[in-house]
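Close look at the chain arrangement
Here is how the chains run, residue by residue.
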Amino acid sequence: MRIVNFVKKTFWVLRRILRLTPTHSVMRSLRRRGVKLKSLRALELFGGYGDMTTRDYAPYVGSLEIWEINPDCEIALRKAFPYATIRITDSFEEIKRTPKKFDMVVADAWAGMFNDHCEHFELFPDVFRILSQSSILILNVIPEARRLSPKHAERRCAFYQVKDPTRIPLEVMVERYKAFAEECGFQVQWWFYKDRYFMYPLRRKWLKKRLGFLVLKLQAISESHWQNKGE
């Protein structure tokens, strides 16, 4: 088991060094689509220790703010991201009161139930009040899952408005996010998805779930509506 873990860790380190992680892939895709990364004011909603995805995209963006509820992570975050704004706060509450706007928001929430929360679901619709007029929203999503607790399954059915919570087509997911966006004065201009598990199609039989980044490009429908959302 130690050998397996060592191989996995070494493989991940190499991918990071070579800039081949899923996060690096997302940044390249955004650049190809004309997004000026260095102009982005970015927000990481679930910072942790910053070693999952944040450190991969931090060098690309213009500025970075990180929210994390666990105070034990603060020292590590400040050391890893000395130029970022670090806030030890409950993201689900902070998102309701902050007056700030961001050009890119990353919601790399836990892929399940945690502290009575479910995935990133409770960020909606409040997340739209912190988005700039033209913005990128990156969500950690689960299109497929073999095993779900009854509560997790129920929450997924309610959020995505589906009957089968174990397999949700990306197009169905996107339509749900489009509906949220339109209700809050935004439209989804384009989107793309990136698997987080290496070579997922070949490993599908052995993995418990499919995990990936859903990237949404959002645009405010009108400036007045957008301004009202920040109040």
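Above this text sits the structure in question.
Residues numbered from 1 in each chain as written. Predicted model: local features only at pLDDT ≥ 70, side-chain atom pairs only at ≥ 80, totals over all residues. Heavy atoms only, no water.

**Here's the deal with the sheet that holds strand β8 (residues 186–195)**
On the basis of which strands lie adjacent, the open sheet formed by seven strands has the order β3-β2-β1-β4-β7-β9-β8 and mixed pairing. Looking at the sheet topology across the chains shown, the edges are occupied by β3 (85–88) and β8. Across the sheet, the mean angle from the axis of one strand to that of its neighbour is 20°, orientation sign disregarded. Note: strand β7 (residues 131–145) against strand β9 (residues 209–220), ten bridges, orientation antiparallel. What sits directly across from Ile 136, in β9, is Lys 217. Lying over the sheet, helix α7 (residues 170–183) contacts β7, β8 and β9, oriented at roughly 150° with respect to β8. (Pairing = 2+ DSSP bridges. Helix = DSSP H or I, 4+ residues; strand = E, 2+ residues; numbered from the N terminus. Axes fitted to C-alpha atoms, helices over the stretch in contact; angles between N-to-C directions. Contact = heavy atoms within 4.5 Å.)

**As for unusual backbone geometry**
For the bond running from Phe 124 to Pro 125, omega is 5°, close enough to zero to count as cis. Mapped onto the elements, Pro 125 comes out in the loop between β6 (117–118) and β7. One non-glycine residue with positive phi stands out, namely Asn 115, at about 50°. Its location among the elements puts Asn 115 in the loop between β5 (113–114) and β6.

**Some words on the side chain of Asp 108**
For Asp 108, the position within the fold is in the loop between β4 (102–107) and β5. Side chain to side chain, Asp 108 and Thr 53 meet in a polar contact 3.5 Å long. Here the side chain of Asp 108 touches Arg 196 through a polar contact of 2.7 Å, side chain to side chain. Contact partners of Asp 108, with chain neighbours within four places excluded, come to Glu 44, Phe 46, Met 52, Thr 53, Asn 140 and Arg 196. (Polar contact = N/O pair within 3.5 Å; in protein donor to acceptor, adjacent residues only side chain to side chain.)

**Notes on the nonpolar core**
Judged by nonpolar contacts, the single largest core of 40 residues is most densely connected at Val 105, Leu 123, Phe 124, Phe 128, Tyr 160, Tyr 177 and Leu 218. At the level of elements, α5 (91–97), β4, β7, α6 (150–160), α7, β8 and β9 are the ones that each hand at least two residues to this core. A total of six residues in this core trace back to one element, the largest contributor, which is α7. Beyond its immediate chain neighbours, meaning those up to four positions away, Val 105 contacts Leu 43, Leu 45, Val 127, Ile 130, Leu 131, Ile 136, Leu 137 and Ile 138. With 25 residues, the next largest nonpolar core counts Leu 37, Ala 58, Cys 73 and Ala 84 among its residues. (Core = buried A, V, L, I, M, F, W, Y, C linked by side-chain atoms within 4.5 Å. Buried < 20%, exposed > 50% of the residue type's maximum accessible area, 1.4 Å probe, protein only.)

**Digging into a nonpolar patch on the surface**
A contiguous nonpolar patch, built from Val 13, Leu 14, Ile 17, Leu 18 and Leu 20 and spanning about 480 Å² of accessible area, is present on the exposed surface. Checked against the element boundaries, Ile 17 lands in helix α1 (residues 2–17). (Patch = residues over 30% accessible without salt bridge, like charges linked within 9 Å, V, L, I, M, F, W, Y side chains within 5 Å. Areas by Shrake-Rupley, 256 points an atom, 1.4 Å probe, with all protein chains shown as cover. Salt bridge = Lys/Arg side-chain N within 4 Å of Asp/Glu carboxyl O.)

**What to know about the pairing of strand β1 (residues 41–44)**
Relative to strand β2 (residues 63–68), β1 runs parallel, the two sharing four bridges. Across the sheet, Arg 41 pairs through a bridge with Ser 63, a residue of β2. Sheet topology places β1 next to β4; three bridges connect them, and they run parallel. Across the sheet, residue Glu 44 finds its bridge partner in β4, namely Val 106.

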